[in-house]
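# What the coordinates show
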Amino acid sequence: MNTPQQMALNAMLQDTSFPLAEDTLFVRAQQRYSLFTMFHAMQGAEWMNAQGWGTKTNECEWEGVTCTMMETDGTSLGSMRRRRERRLHPHEEEKVMEMMVTRIQLSESNLQGSIPNEIAGFLHLQELEVSKNDLTGRLPSGLYNLTNLQKLYLDDNTLRGSISEDFGNMNALEDVFLFGNELGGPLPKSMGNLKKLRRFWASDMFLSGTLPTEIGGLESLKGLYLQNNQLVSNLPSTMGNLVELRDLRMFGNVITGDIPASFRYLVNLEVVYMDSCELRGGLTNDVIRKWRKLSDFQAFGNNIQGEIPTALGELENLKVINLAENNLVGTIPSSIGQSGNLLSLVLRNNRLTGSIPPGLASSTDILHINLSENDPDKDATSGIDGQIPDFFGSFTKLKWLKLHGNRLQGEIPASLSDATSLVHVTLHDNFLRGEVPTGFCDATDLTNTRSGMKNLTADCDGEPRIVECSCCTVCISGSSISVSIVRNGESGGASGG
């Protein structure tokens, strides 16, 4: 049977441009054989970028192959043969300088089939990039012998199986992208040996089990992307050792328990995505205060309890806060937004009380405010109260303002319609009174909303009417929708989004 290995050997035996002579360097013959095997095992005839592959030209000229002059083992084929015949223990000859394969870049090239075990023949390989192809099968054991490999990009294929404990042998690794495959099983404990690893992206797969405590050994790690797997774990306290970590994404797993106190040492964090993870417990000032570089914090859809830490308002780089769908209580810290950099504040579906924080007035470029449904039981035991602040009208970039399902009082400020970028405004299920500003309406037809506005809701139905609104897309009476008025050819919804 013509296996890829046999086809590669036949090609080399017929290759007069690269004779397998006694003085031919073993490492050169090995890397050429490995490339031929790759070509045949991965359906090279179907590749989109295959110039030179499988031909008699120098392998360093093949498309996507980069060679570098390297110091390498000077053992010849003849010397290797004589050792085997005499059953001598192999040893390295003196070093020689030779052009060795250091990079293979074949992304989006229609590679098919499995990665052959002969990949181990690239002793000096530093980068392997075969992402966005149709590779199948398991990760070959030979892959783990590439101890000089720095960058491994296998993402967006259909690779299966698990990651071997031999993964920890690849101690030169800096970047590993595995996402978008069908790899499963636990994360190997040996990954803690990868002291140079900077980015580990293994999202959107079937990884399971717990986070190994050895993960704390990744002292150079800047990005950890494990979202959308099947992990069931707490957050090991050893993760506090990841002091270089900038980006942590764990959403779409079952990450139970609290955020460990050791996370206060993660002083370089910029992005934290831990939504829909079943986190519980509270957020503490001792931890949050140390995340001074944090710009994007999303932990919605958990079971986080207690009050919002006042330290969140002290983080000058913070642009996005999304803590929706938790069990947060108490008031929103008055300092939230006072940095002037906040772009999105989403705290819907909690049990918050108190007024809208005055610190928001400083964040004039804010795009989204969603404080809705903080009185979920409609029993007035929780919910944002006070008045809608006039300064909302100065938010000329604001697109979403969702305040429904609270205990807001007083009149709706006329200045609110000065926020000319608003697309969604939901004010229903409050204790507001008066008139929705006519500035939200089409100047030529006050029964329609102005151009660009898709959703405008208020308590403008029933008798007596609490709020007057001539152009609302949805009018509500009490706590239920009584009529949905179609405006501008669209039907406006009243959900919190």
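This is a predicted model, so every value here is computed, not measured.

## Brief notes about the overall build of the protein chain
When you go through the protein chain residue by residue, the secondary structure sums to four helices and 36 strands. On C-alpha atoms alone, the protein chain measures out to a radius of gyration of 31 Å, which is more than a quarter above the 23 Å that the 2.2 N^0.38 rule sets for 497 residues. Relative to its full complement of 497 residues, the protein chain shows a buried share of 52%. The contacts of the protein chain with a sequence gap of at least 6 include a subset with a gap of at least 24, amounting to 55%. Carbon together with sulfur atoms contributes 47% to the accessible area of the protein chain, which is approximately 21000 Å² in total.

## Some remarks on the side chain of Asn 350
With respect to the element layout, Asn 350 can be found in the loop between β21 (344-346) and β22 (351-353). From its side chain, Asn 350 meets the backbone oxygen of Leu 323 in a polar contact 3.1 Å long. Only 3.3 Å separates the side chain of Asn 350 from the backbone oxygen of Arg 348, close enough to count as a polar contact. Other than its neighbours up to four places away in sequence, Asn 350 contacts Leu 323, Ala 324, Glu 325, Asn 326, Asn 327, Leu 328, Glu 373, Asn 374 and Pro 376.

## Concerning helix α2 (residues 26-41)
Counted at 1.5 Å a residue, the expected span for α2 with its 16 residues is 22 Å, and the 22 Å between its end C-alpha atoms agrees. Within α2, 12 of the 16 residues are buried, leaving the element largely enclosed by the surrounding structure. When α2 is considered as a whole, its buried residues turn out to be Val 27, Arg 28, Ala 29, Gln 31, Arg 32, Ser 34, Leu 35, Phe 36, Thr 37, Met 38, Phe 39 and Ala 41. Gln 43 lies just past α2 and shows a positive phi near 55°.

## Focus on the nonpolar core
Within the largest apolar cluster, 126 residues are counted, with the highest numbers of intra-cluster contacts made by Phe 200 and Phe 297. Of all the secondary structure elements, the ones that give two or more residues to this core are α1 (4-13), α2, β1 (65-73), β2 (95-105), α4 (285-288) and β31 (455-458). At six residues, α2 tops the list of elements feeding residues into this core. Not counting chain neighbours up to four residues away, the residues in contact with Phe 200 comprise Phe 167, Val 176, Leu 178, Leu 187, Met 191, Leu 221, Gly 223, Leu 224, Tyr 225 and Leu 226.

## Some points on the state of the cysteines
Scanning the entire structure with this criterion turns up four disulfides. A disulfide bridge connects Cys 60 with Cys 67, and the sulfur atoms are separated by 2.1 Å. Here the disulfide of Cys 60 and Cys 67 is left-handed, its torsion about the S-S bond being about -90°. No difference in accessibility class separates Cys 60 from Cys 67, as the two residues are buried.

## Observations concerning the packing of aromatic side chains
Overall, the coordinates contain 16 aromatic pairs when judged by the stated rule. Taking the centre distance of 4.9 Å and the plane angle of 70° together, the rings of Trp 47 and Trp 53 count as edge-to-face. Exposure remark for Trp 53: the relative accessible area of 4% places this residue in the buried category. Grouped by ring-pair contacts, the aromatic residues Phe 36, Phe 39, Trp 47, Trp 53 and Trp 62 constitute a single cluster.

## Topic: the sheet that holds strand β12 (residues 230-233)
The strand order across the open sheet formed by four strands is β8-β10-β12-β14, and the pairing between neighbours is parallel. Among the strands making up the open sheet, the edge pair consists of β8 (184-185) and β14 (254-255).

## Points about empty space enclosed by the protein
Under the criterion given, the structure shown has three cavities of 30 Å³ or more. Within this model, the largest cavity holds a volume of roughly 60 Å³. Residues belonging to the lining of the largest cavity are distributed by class as follows: six nonpolar, three polar and no charged. Quantified by volume, the second largest cavity comes out at close to 40 Å³. In terms of lining residues, the second largest cavity is bounded by Leu 139, Leu 143, Tyr 144, Leu 152, Leu 154, Ile 163, Phe 167, Val 176 and Leu 178. When grouped by side-chain class, the residues that make up the lining of the second largest cavity number nine nonpolar, no polar and no charged.

## Observations concerning the confidence of the model for the protein chain
In this model, the protein chain carries an average pLDDT of 92, and 93% of its residues clear a pLDDT of 70 or more. Here residues 479-497 scores under 50 on pLDDT; set against residues more than four positions off or in separate chains, the count is 55 contacts.

## So, the sheet that holds strand β20 (residues 327-331)
One open sheet accounts for four strands, arranged β16-β18-β20-β22; its pairing is parallel. Among the strands making up the open sheet, the edge pair consists of β16 (280-282) and β22. Pairs of neighbouring strands in the sheet enclose a mean axial angle of 15°, with direction left out of account. Bridge count between β16 and strand β18 (residues 303-307): three bridges; the pairing is parallel. Opposite Gly 282, over in β18, you have Gln 305 as the bridge partner.

The rules behind the values
- Residues numbered from 1 in each chain as written.
- Predicted model: local features only at pLDDT ≥ 70, side-chain atom pairs only at ≥ 80, totals over all residues.
- Heavy atoms only, no water.
- Helix = DSSP H or I, 4+ residues; strand = E, 2+ residues; numbered from the N terminus.
- Rg over C-alpha atoms; globule rule 2.2 N^0.38 Å.
- Buried < 20%, exposed > 50% of the residue type's maximum accessible area, 1.4 Å probe, protein only.
- Contact = heavy atoms within 4.5 Å.
- Areas by Shrake-Rupley, 256 points an atom, 1.4 Å probe, with all protein chains shown as cover.
- Polar contact = N/O pair within 3.5 Å; in protein donor to acceptor, adjacent residues only side chain to side chain.
- Expected span 1.5 Å × (residues − 1).
- Core = buried A, V, L, I, M, F, W, Y, C linked by side-chain atoms within 4.5 Å.
- Disulfide = S-S within 2.5 Å.
- Phe/Tyr/Trp six-rings, centres within 6.5 Å; stacked < 30°, edge-to-face > 60°.
- Pairing = 2+ DSSP bridges.
- 1 Å grid on protein atoms, 1.4 Å probe; cavity = no way out; pocket = protein on both sides within 12 Å on 5 of 7 lines; lining within 4 Å.
- Points joined across faces, edges and corners; volume = space filled by probe spheres on them.
- Nonpolar A, V, L, I, M, F, W, Y, C, P; charged D, E, K, R; others polar.
- pLDDT = per-residue confidence, 0-100.
- Axes fitted to C-alpha atoms, helices over the stretch in contact; angles between N-to-C directions.

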